[in-house]
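Observations on the three-dimensional arrangement
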Amino acid sequence: MWWLLLLLSLVAGSAWGATITASSCSAVDVQTAITAASNGDTVSVPACAATTWTTSVTIPNSKGITLQGAGAVNTRITDGVVGAPALIINMASGNSLTRVTGFTFDQAGTKTSSGGYYGATIGITGSGLNSFRFDANSLINVNVRGIAYVSGSGAAISGVVDTNVFTAPYPAGVQMFFLQSATQVSTGLANDPANGAFARPWTPGGAEGFFIEDNTFTYGYVNDDVLTGRGGTRFIFRYNTITGTSFAIHGADSGGYRGFIGFEVYRNTFQTPRTAYWFRYRSGTGVTWGNTATSAGTIGANTFAIYRACLTQNAIWASTGGGTGLCDGSNTWDQNTVGANGWRCLDQSGSLFGVAMGSGATAMPNYNWLNTGNATERPFAAYDHDPGVCTRDTDHLQANRDYYNYTASFDGTSGVGSGTKASMPATCTAGVAYWVTDEGYWNSKQAGADGVLYKCTATNTWTLHYVPYPYPHPLRSGLSPPTSPAGN
Amino acid sequence: MPRINVSWTPAVGENPTGHRIHAGPVSGLYTEVSGDFAMPLTSGYIDVSAAGTWYLAVAPYDASGYEGMYSDEFTATAGTAPMGTLVLARVA
């Protein structure tokens with residue numbers, strides 16, 4: 001029997017690892033336990049009175065571990081680190097999952113935006129698909145940024161942030177997430193090899209990206225937004241509850257960075273979003289659907305925006321060869337379609353640019369459907385910075401070309417429809433889409449069909465286009481894939 | 001409906017409640033799902049809506065019904081008639 005016991009111990013070792021208990025909640029003791037841990041181990045942090053970390057604790061990219069508190073109510077860490085995050089998570093492909101669970105991280109309203117992670121309490125860096133999970137934590141009293149992902153490589157990364165509580169009770173502008181995959185473009189706007197994030201295709205429904213799901217966000221003031229960033233990032237934001245603020249992301253318009261690549265934002269619940277806007281996308285392309293907002297006051301508009309269309313605000317872009325930096329037909333990093341005032345603007349919504357900027361952009365429209373504010377459909381439109389003065393922003397962002405909105409009386413000629421497969425019009429104009437409600441089984445929290453999106457890829461030709469990634473994210477079950485599947 | 005029979009090997013050292021089979025007409029886009037095949041079953045089937053080539057993956061699920069990571073994708077061809085149907089013959 002000895003061989004059986006040996007086999008079982010090896011299996012147990014590979015699946016669960018060892019548990020190392022930190023002597024206390026102090027940064028020194030937690031770091032000591034992390035250093036002693038091996039790939040696949042768990043570092044257990046005990047319950048404690050609120051403990052201030054004045055030096056960063058780092059999970060290095062040489063191992064993937066679980067850092068487990070005694071529950072968010074019981075293990076409370078106050079972020080007293082100046083110029084760096086309290087906790088830095090560094091990942092690499094091939095490691096076990098890195099998981100952080102069961103803590104309260106209290107930013108205490110005293111952070112500044114200095115340092116490499118823009119003032120975040122949790123800093124994430126590195127790469128690897130399905131490499132991290134951050135769950136069942138509270139990140140509270142945030143006054144700058146909560147979680148920042150910063151990478152200079154543009155390498156692929158994915159993980160899930162789920163079932164956390166985030167609060168931002170201060171009037172300072174707060175971005176709970178700041179995601180930045182690629183480096184600043186600083187080589188005269190030539191094709192930048194460091195921006196590998198742009199070399200990989202973007203496919204809605206795919207596995208790559210930051211998955212943020214089933215969290216609650218509570219803002220005391222409607223300043224800034226739940227999530228932003230730049231530099232080739234992709235994210236999936238779903239099934240969250242957001243109170244007191246809105247959703248907006250940067251474009252290729254600030255700091256010399258390029259914009260987002262892609263996003264999926266669906267089935268989130270907003271309460272009292274900003275009056276200035278509910279959604280505002282300045283870059284990236286994807287899908288926004290099934291979100292709801294309620295408010296006793298005004299719910300702001302849903303918009304796509306290109307700041308470079310009409311604003312000469314970006315000194316870095318200008319200093320690297322772009323004159324004013326405007327997307328007006330004069331700058332080589334835009335597509336500059338003849339007669340279109342610069343359209344397609346670099347990384348603008350509704351377009352995909354690769355590593356090569358400029359003429360190589362392709363169309364990838366945004367699709368938006370069933371987003372209701374106070375029970376009324378809220379379509380997207382181009383944000384007009386200065387009506388009647390500069391029209392380039394509305395020239396660059398046009399319905400049924402760069403974006404498609406839900407159309408209740410959908411007949412296949414424009415917009416996005418929704419209904420059963422049997423109700424999908426037989427005829428269609430290329431570019432429109434239809435949400436089929438009785439296909440797709442990607443939500444294992446509920447029985448029955450969950451919906452898929454068909455796109456009209458040529459006249460009267462419907463093609464399956466988008467199936468959301470499995471929900472809840474598979475990392476939440478902790479189950480690995482079976483192997484050697486085969487069918488008759 | 002055409003039937004595709006599927007087999008798999010559960011992940012070592014884990015204890016899923018069972019497995020499901022997902023199938024779609026396009027790689028990576030799954031529109032159909034099988035019933036549940038509880039452990040210790042390591043094979044099952046999915047009845048797909050049409051004959052032809054299908055892209056498939058197998059997912060484990062836990063006691064809550066939540067699915068884990070999908071297997072590598074594989075293809076199979078569904079015939080025009082149900083496959084694996086047991087035919088009972090009367091014995092005189």
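For every chain, the first residue of the written sequence is number 1, and numbering continues from 1 onward in sequence order. Here the convention is simple: chains get letters from A, ligands get numbers from 1, in the order in which they are written. Given that the model is predicted, a residue must reach a pLDDT of at least 70 before its local features are reported, and side-chain atom pairs must reach 80 or more before they are shown or counted; all residues, however, enter totals for whole chains, interfaces and linings. Side-chain numbers come from the whole structure's heavy atoms, not from hydrogens or water.

1. Overview of the overall build of chain A
A helix here means a DSSP run of H or I that spans at least four residues, while a strand means a run of E at least two residues long, and both kinds are numbered starting from the N terminus. Helix and strand counts for chain A come out as five helices and 40 strands. Atoms considered for the radius of gyration are the C-alpha atoms alone. The globule rule reads 2.2 Å times the number of residues to the power 0.38. Over its C-alpha atoms chain A spans a radius of gyration of 23 Å, differing by no more than 12% from the 23 Å that the globule rule assigns to 488 residues. Along the three orthogonal principal directions, the C-alpha set of chain A runs to about 70 × 60 × 50 Å. Under the scheme applied here, a residue whose accessible area is under 20% of the maximum for its type counts as buried, over 50% as exposed, and between as partly exposed, the area being computed with a 1.4 Å probe on protein chains only. Looking at chain A residue by residue over its 488 residues, the buried ones come to 56%. When checking whether two residues touch, look at their non-hydrogen atoms; a contact exists if any pair is within 4.5 Å. Here the contacts in chain A between residues at least 6 apart in sequence split such that 70% fall between residues at least 24 apart. We treat Lys and Arg as the positive residues and Asp and Glu as the negative residues; His and chain ends play no part in the count. We put the charge of a Lys on NZ, of an Arg on CZ, of an Asp on CG and of a Glu on CD. If you average the places of the 24 positive and of the 27 negative side-chain charges in chain A, the two averages end up 2 Å apart.

2. A word on the side chain of D393(A)
Residues and elements named next belong to chain A. Considering the arrangement of structural elements, one finds D393 in helix α5 (residues 392–396). Salt-bridge detection follows one rule: a side-chain nitrogen of Lys or Arg within 4 Å of a carboxyl oxygen of Asp or Glu. Although D393 is buried, it forms no salt bridge, and the closest oppositely charged side chain is R392 at an N-O distance of 7.8 Å. In the analysis that follows, any N or O atom pair within 3.5 Å is treated as a polar contact, provided that within protein one partner can donate a hydrogen and the other can accept it, and provided that, for residues neighboring in sequence, both atoms belong to side chains. One polar contact links the side chain of D393 to the main-chain amide nitrogen of H385, over a distance of 2.9 Å. Dropping the residues within four chain positions of it, D393 is found in contact with I306, A309, C310, A382, Y383, D384 and H385.

3. So, the sheet that holds strand β4 (residues 57–59) of chain A
Residue and element names in this part refer to chain A. Whether two strands pair depends on DSSP finding at least two bridges between them. Read from one edge of the open sheet, six strands run β4-β7-β10-β13-β16-β19, paired in parallel fashion. Pairing within the sheet leaves two strands with one partner each, and these edge strands are β4 and β19 (227–230). With direction set aside, neighbouring strand axes in the sheet form an average angle of 15°. Of the pairings in the sheet, the one linking strand β7 (residues 87–91) to strand β10 (residues 120–126) comprises five bridges and is parallel in character. Of the residues in β10, the one forming a bridge with M91 is G126. Lines fitted to C-alpha atoms define the axes, with helix axes restricted to the stretch in contact, and inter-axis angles between N-to-C directions lie between 0 and 180 degrees.

4. A word on the nonpolar core
Residues and elements named next belong to chain A. Buried Ala, Val, Leu, Ile, Met, Phe, Trp, Tyr and Cys residues form a nonpolar core when they are joined through side-chain atoms within 4.5 Å. Counting residues in each nonpolar core, the largest one holds 71 residues, and the members touching the most others are L227 and F235. It is helix α2 (residues 27–36) that provides the largest number of residues to this core, a total of four residues. Among residues more than four places away in sequence, those in contact with F235 are L179, F210, L227, F247, I249, F260, G262, F263, E264 and V265. With 33 residues, the next largest nonpolar core counts W289, V432, A433 and L464 among its residues.

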